[in-house]
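Notes for the structure review
This is what each chain is made of:
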Amino acid sequence: MRVNPDLKVSVEDHVAVLEMRRPPANHFDESLIGRLADAALELDEDRACRVIVLASQGRHFCAGADFGSGDFATDHVDAADRLYRSAARLFDVRTPMIAAVQGSAVGGGLGLACAADFRVAEESTRFVANFAKLGFHQGFGLSVTLPELIGRQAATGMLLTGRRVGGAEAVHLGLADRLAEPGLVRQTAHDLAREIAAGAPLAIRAMRATLRGDLALRVRDALAHELAEQKVLWSTADSAEGIAASLERRPPVFRGE
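The structure contained in this document is the topic of the report that follows.

A few words now on the environment of histidine 76. Residue placement: histidine 76 occurs in helix H3 (residues 76–90). Sequence separation of histidine 76 and serine 235 is 159 residues, and the distance between their C-alpha atoms is 9.9 Å. Histidine 76 has contacts with Phe67, Trp234 and Ile243, leaving out every residue within four places of it along the chain.

Structural data, given as structure tokens:
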């Protein structure tokens, strides 16, 4: 087991757990996403690991980037560019990955959850693509991953409204794969991981690679486009208002400027 202040890595019975440790919201930056990618790619070479469970400590799975502090507070574009370079590497991982999603997966946190092969939720889980309410374009590869999971129409609805999708609806849409009993998200994710780990590992990796196809390449192309759109929109008054309103916990007032 390896532990640093914000990421814990452990392997037991062929199941690895990557646990983000920035509670309660588990905001990420390039540093954390880079460590996640490093750890997952390292686990690809560990024969003791057949499945990865992506989890987090605290109330929420991940609220994405924190625009009120750190690199994102000073230079959105540079911070996002570095973040997306690390995020793209998550799609190079060859080991099946399951996201155990408690609380909320918001914005980039939704993107992180969608980078996994499977998502486990509970009734109280909330999946939120809140970009329209922040005044800028979606990121973290969601332009590819979200419609691939739930279809273009449902993805468009989530993105343009920014509404919250609960656990049961997420399962209905195909955004989540299993609905856990309250408080049992991680246990249910482990149960699924053990089912997968019981199969022939070389065959499972081969089948997964076939099914994913050129996903990693398409995500990289999407990330470049997403960043270009974000760069334009981050210069607008609406984006400044959306981010400020979010930090101040009030409804935004957009003017189309």
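Under the definition given, this model contains six aromatic pairs. Considering the side-chain rings of phenylalanine 67 and phenylalanine 72, the 5.2 Å spacing of their centres and the 65° angle between planes classify their relative orientation as edge-to-face. As far as the burial class goes, phenylalanine 67 and phenylalanine 72 line up, both buried. Measuring from ring centre to ring centre gives 5.5 Å for phenylalanine 67 and phenylalanine 136, while their planes differ by 50°; the resulting arrangement is tilted.

Between helix H6 (residues 142–150) and helix H11 (residues 215–233), the least distance of the axes is 8 Å, while the angle of their chain directions is 125°. Comparing the axis directions of H6 and H11 gives the class oblique. Along its contact with H6, which presents Leu142, Ser143, Val144, Thr145 and Glu148, the element H11 presents Leu215, Arg218, Val219, Ala222 and Glu226. Split into classes, the residues belonging to the contact of H6 with H11 amount to five nonpolar, two polar and three charged.

We now examine unusual backbone geometry. A cis amide bond links proline 23 with the next residue in sequence, proline 24, at an omega value of 5°. In this structure, proline 24 sits in the loop between strand E3 (15–20) and helix H1 (30–44). One non-glycine residue, asparagine 26, adopts positive backbone phi at about 55°. Along the chain, asparagine 26 falls in the loop between E3 and H1. Judged by its relative accessible area of 1%, asparagine 26 is buried. You will see that phenylalanine 140, though not glycine, has its phi angle at about 55°, which is positive.

Among the residues making up H6, those that are buried are Leu142, Val144, Thr145, Leu146 and Ile150. Turning to H6, the residues buried within the fold contact helix H4 (108–114), helix H5 (131–134), helix H7 (152–161), helix H8 (167–173) and H11. Glycine 151 lies just past H6 and shows a positive phi near 95°.

Reading guide: rules and limits
- Residues numbered from 1 in each chain as written.
- Predicted model: local features only at pLDDT ≥ 70, side-chain atom pairs only at ≥ 80, totals over all residues.
- Heavy atoms only, no water.
- Helix = DSSP H or I, 4+ residues; strand = E, 2+ residues; numbered from the N terminus.
- Contact = heavy atoms within 4.5 Å.
- Phe/Tyr/Trp six-rings, centres within 6.5 Å; stacked < 30°, edge-to-face > 60°.
- Buried < 20%, exposed > 50% of the residue type's maximum accessible area, 1.4 Å probe, protein only.
- Axes fitted to C-alpha atoms, helices over the stretch in contact; angles between N-to-C directions.
- Parallel < 35°, antiparallel > 145°, perpendicular 65-115°, else oblique.
- Nonpolar A, V, L, I, M, F, W, Y, C, P; charged D, E, K, R; others polar.

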